[in-house]
Amino acid sequence: MFDVVVDIVLLTFLATTSFAIMRMTNLFAIIMLFGIFSLLSAGLFVVMDAPDVAFTEAAVGAGISTVLMLTTLALVKRSKEPYYDEAPKTHTAWLPLIVVIVTGSALIYGTWDIPNFGSADAPSQTHVARFYLENSLPDTGVPNTVTAVLASYRGFDTLGEVTVIFTAAVAVMLLIGGKRPKSVPKTEGEEAKDEA
Amino acid sequence: MKPNLILHVIAKFLIPLIILFALYVQFHGDFGPGGGFQAGVIFSAAIILYSLVFGLESGEKIIPHHWLRILASLGVVIYAGVGIESLFLGGNYLDYTILGSNQIAGQHLGILLVELGVGITVAAAMLILFFAFAGRGRE
């Protein structure tokens, strides 16, 4: 019962936030709303007993990506309205509306066949999940099954993920990192003095 | 940036707690929710908060750029190195069992080292991203 109330509240907030994001034109406010959206999703994941996912969503979605979007905005934004130039409308809203309605109905139709959340005969519970739950503690001595699967059973996948993150950092460094030849080192004190 | 007393005091109070929490998530990931990915992001969040409040130059003084590059590579090297080590000891690649005296000890050591590698790379990569984006704004 309590879960249902929390779910409804969180989903209402999610819908409200996404509607606000759609209607808003101030990019700064939109970025902050994206952060709130991520935090609400993290709350939803906690209710669904997935604290590891919630953790990642809260740290990456609400934290780091908000900061990265803000720093990007600081590079490109205009200080006063209009914050951006809207492209002139070349078509009516009918075609996109039909596409959205058809796709949405197809997705909702698809949910009818999905087993209920947490039901015992769901495909996710009947295949490897049982093996991991039964064997991960005796095999690895690690009580958190998520960690056991991530680091031990699927160690190759995780090595690949770490390499992806490393590659992303290298790519960003090559594209926009480092000193550009024409830049002059800053001399005046932007650096805040530590007064304590 | 104009110094703001409230921000400075709150940030100084929060940053040690954030770093402590990151270390907890890193090394307690075997027992509770969390692990290298989350810990790395939380750790980098502490440094990013410091850089936002005290200025980018102060943040870069804590961890200079060349260090970040070394650390980002070091994490991947630790992870892949655990695999190589298990190869040398006669097992399969990334087979942790062979690392310890028994299966549990080996798995424990392997998972700990691997998560450490993940944490170091993620933290360094996030800081590289942040400093790359924020550094452009200065020019």
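As the structure is a prediction and not an experimental result, all values here were calculated from the model.

(A) Spatial organisation of the overall build of chain A. A count of helices and strands for chain A gives eight helices and zero strands. For chain A, the N- to C-terminal ordering of α and β elements is α-α-α-α-α-α-α-α. In chain A, 36% of the contacts between residues at least 6 apart in sequence involve partners at least 24 apart.

(B) Local environment of the domain arrangement of chain A. Structurally, chain A comprises domain 1 (1–80) and domain 2 (121–179). Here the C-alpha centre of domain 2 of chain A lies 24 Å away from the C-alpha centre of domain 1 of chain A.

(C) Spotlight on the interface of chain B and chain A. The interface is formed by 49 residues belonging to chain B together with 45 residues belonging to chain A. Looking at the side of chain B that touches chain A, the elements with two or more residues in it are α2 (36–54), α3 (56–62), α4 (65–88) and α5 (103–136) of chain B. Per-class residue counts for the side of chain B that touches chain A are 29 nonpolar, 14 polar and six charged.

(D) Expanded view of the packing of helix α1 (residues 5–27) of chain B against α2 of chain B. All names here are of chain B. Packing of α1 against α2 leaves a shortest axis separation of 8 Å and a crossing angle of 165°. By the angle between their axes, α1 is roughly antiparallel relative to α2. Crossing angle aside, the handedness with which α1 passes α2 is left-handed. Residues Leu 7, His 8, Ala 11, Leu 14, Ile 15, Ile 18, Ile 19, Phe 21, Ala 22, Val 25 and Gln 26 of α1 lie in contact with α2, whose contacting residues are Gly 36, Gln 38, Ala 39, Ile 42, Phe 43, Ala 45, Ala 46, Leu 49, Tyr 50 and Val 53. Across the contact of α1 with α2, the residue classes tally to 17 nonpolar, four polar and no charged.

(E) Fine view of the confidence of the model for chain B. For chain B, per-residue confidence averages 87 on the pLDDT scale, and residues scoring 70 or more make up 96% of the total. Two numbers describe this predicted complex: its pTM, 0.81, and its ipTM, 0.88.

(F) Looking closely at unusual backbone geometry. Residues and elements named next belong to chain A. One non-glycine residue with positive phi stands out, namely Asp 49, at about 60°. Looking at the element boundaries, Asp 49 is found in the loop between α2 (27–47) and α3 (51–76). For Asp 49, a count of 11 C-beta atoms within 10 Å gives the class exposed.

(G) Quick look at the confidence of the model for chain A. Residue and element names in this part refer to chain A. Here chain A averages 82 in pLDDT, and 87% of its residues register 70 or above. Within chain A, helix α4 (residues 94–111) carries the highest mean pLDDT (93), whereas helix α5 (residues 123–126) carries the lowest (77). Per-residue pLDDT stays below 50 along residues 186–196; that stretch engages in 14 contacts with residues further than four places along the chain or on separate chains.

Cut-off values and rules
Residues numbered from 1 in each chain as written. Chains lettered and ligands numbered in written order. Predicted model: local features only at pLDDT ≥ 70, side-chain atom pairs only at ≥ 80, totals over all residues. Helix = DSSP H or I, 4+ residues; strand = E, 2+ residues; numbered from the N terminus. Contact = placed C-beta atoms within 7 Å. Domains from an automatic or database assignment. Nonpolar A, V, L, I, M, F, W, Y, C, P; charged D, E, K, R; others polar. Axes fitted to C-alpha atoms, helices over the stretch in contact; angles between N-to-C directions. Parallel < 35°, antiparallel > 145°, perpendicular 65-115°, else oblique. Left-handed = near helix turned anticlockwise from the far one by under 90°. pLDDT = per-residue confidence, 0-100. Buried ≥ 20, exposed ≤ 12 C-beta atoms within 10 Å, placed from the backbone.

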